[in-house]
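Reading the structure
Each chain is listed here by its residues.
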Amino acid sequence: MTRAPRRQAVWVLVPPRALLLDLAGPLEVLRRANIEQSALQFDVRYFAARAHVTSSIGLVLGAFEPLPGAPPADAWLVLGGSTDTVAFAPDPGDAAVDRDERALVEWLRRHVRDAHRVISICSGALLAARAGLLDGYACTTHHACCAELAAIAPAARVHENRLYVEDRTRLSSAGVTAGTDLLLHLVARECGPAVAAAIARHLVVYLRRSGSDPQLSPWLQGRNHLHPVVHRAQDAVAADPARAWSLAALAHVANASPRHLSRLFNEHAGMSLPDYVNRLRVALAAELLGHTRLDMERVAERSGFASARQLRRAWSRTHATSPRGARASPE
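Residues numbered from 1 in each chain as written. Predicted model: local features only at pLDDT ≥ 70, side-chain atom pairs only at ≥ 80, totals over all residues. Heavy atoms only, no water.

1. Topic: the sheet that holds strand β10 (residues 164–167)
Judged by pairing direction, the sheet is mixed, and its seven strands sit side by side in the order β5-β2-β1-β6-β7-β11-β10 without closing on themselves. Whereas interior strands pair on both sides, the edge strands pair on one side only; in this sheet they are β5 (65–66) and β10. Inspection of the sheet shows strand β7 (residues 117–120) paired to strand β11 (residues 170–173) by three bridges, in the parallel sense. Within β11, the position partnered with V118 by the bridge is R170. Strands in contact with helix α1 (residues 20–36) are β1 (6–14), β2 (40–48) and β6 (76–79); relative to β2, the strand with the most contacts, it is inclined by about 150°. Against the sheet, helix α5 (residues 178–191) contacts β1, β2, β6, β7, β10 and β11, and its axis sits at roughly 145° relative to β7. (Pairing = 2+ DSSP bridges. Helix = DSSP H or I, 4+ residues; strand = E, 2+ residues; numbered from the N terminus. Contact = heavy atoms within 4.5 Å. Axes fitted to C-alpha atoms, helices over the stretch in contact; angles between N-to-C directions.)

Given below as structure tokens:
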């Protein structure tokens, strides 16, 4: 019998002059997540202070639900950012914008508790801060808003130069497209890194991670950078870790000389290319150990190692326990 999927409520709170990409990018990640897998389905609803909102580019968004009562205890609350003015269409005016923002802030202050997961995109962190939701938490926002965020929420710890910051139930991203990175991070944790990687490929974005995370999935380590040459090499290795990758082969994929690729990889990924390849091979071996009954030699072979001894040696560099500790117990 097919198991019913888990459901995750996602409430999106849309501010006046909403920055359209703050909504479209992260929510497209969730849309694709519902397509790529069926174990967890995201149920998204949109709320605003008024039924129609003029977005940053003048496109009018409509049919919003009015601000509701208290959200479910396990709901994700997404706060998008906004712009100072609207382009290509009449601006709603500062008085109307201020009124609608106050309504959103008051709703947040009244209904959101520490246990709720609050996800702010770009300048959406300012709304969360005005409601007191970031006091005592680490957070970030668009680089142009960091000083304002620190002034609004002096009890918060504002981090600059981060793609995103996660501190318990408060998650915040930097400007615009970093919201997509943040949602990919959440999907990787909730649905698995393979799902997040498939979504990133579909959206033609790089799968990056925030350097503030204390424990990174091996599949995503070293991706917190913007260099396309290094990302091309990393994408190739991630797609087939067991392949006998040579520096020359990866340099060809990345469209760079071997020497240049080695230098760029160390600089931007924070590790050498052989180290990166071995980390992914160890991660693949861990998955095989956890989900198959293959013996150690077969696991080593399928994950790209010449022998079980070589696997154990690479494993010991990143794990305190032996590979056999990753073997799932028989049911």
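2. A short note on the packing of helix α8 (residues 247–254) against helix α9 (residues 258–269)
α9 packs onto α8 with a crossing angle of 85° between their chain directions and a minimal axis gap of 9 Å. Classed by the angle they form, the pair α8 and α9 counts as roughly perpendicular. Taken together, the residues of α9 that come into contact with α8 (itself represented by L247, A248, L250, A251 and A254) are P258, L261 and S262. Its residues assigned to classes, the contact of α8 with α9 shows seven nonpolar, one polar and no charged. (Parallel < 35°, antiparallel > 145°, perpendicular 65-115°, else oblique. Nonpolar A, V, L, I, M, F, W, Y, C, P; charged D, E, K, R; others polar.)

3. Thoughts on helix α7 (residues 228–239)
Helix length check: α7, at twelve residues, gives a terminal C-alpha distance of 16 Å against a target of 16 Å (1.5 Å per residue), a fit within 8%. V229, V230, H231, A233, Q234, A236 and V237 are the residues of α7 that are buried. Along its buried surface, α7 packs onto α8, α9 and α10 (273–291). (Expected span 1.5 Å × (residues − 1). Buried < 20%, exposed > 50% of the residue type's maximum accessible area, 1.4 Å probe, protein only.)

4. Side note on unusual backbone geometry
Positive phi, normally seen in glycine, also occurs at A63, with a value near 65°. Along the chain, A63 turns up in the loop between β4 (60–61) and β5. The backbone phi angle of C122 is positive, close to 55°, even though this residue is not glycine. Checked against the element boundaries, C122 lands in the loop between β7 and α3 (124–130).

5. Points about a nonpolar patch on the surface
Together, I57, L59 and F88 line one region of the surface with nonpolar side chains, adding up to about 360 Å² of accessible area. Here I57 shows up in the loop between β3 (53–54) and β4. (Patch = residues over 30% accessible without salt bridge, like charges linked within 9 Å, V, L, I, M, F, W, Y side chains within 5 Å. Areas by Shrake-Rupley, 256 points an atom, 1.4 Å probe, with all protein chains shown as cover. Salt bridge = Lys/Arg side-chain N within 4 Å of Asp/Glu carboxyl O.)

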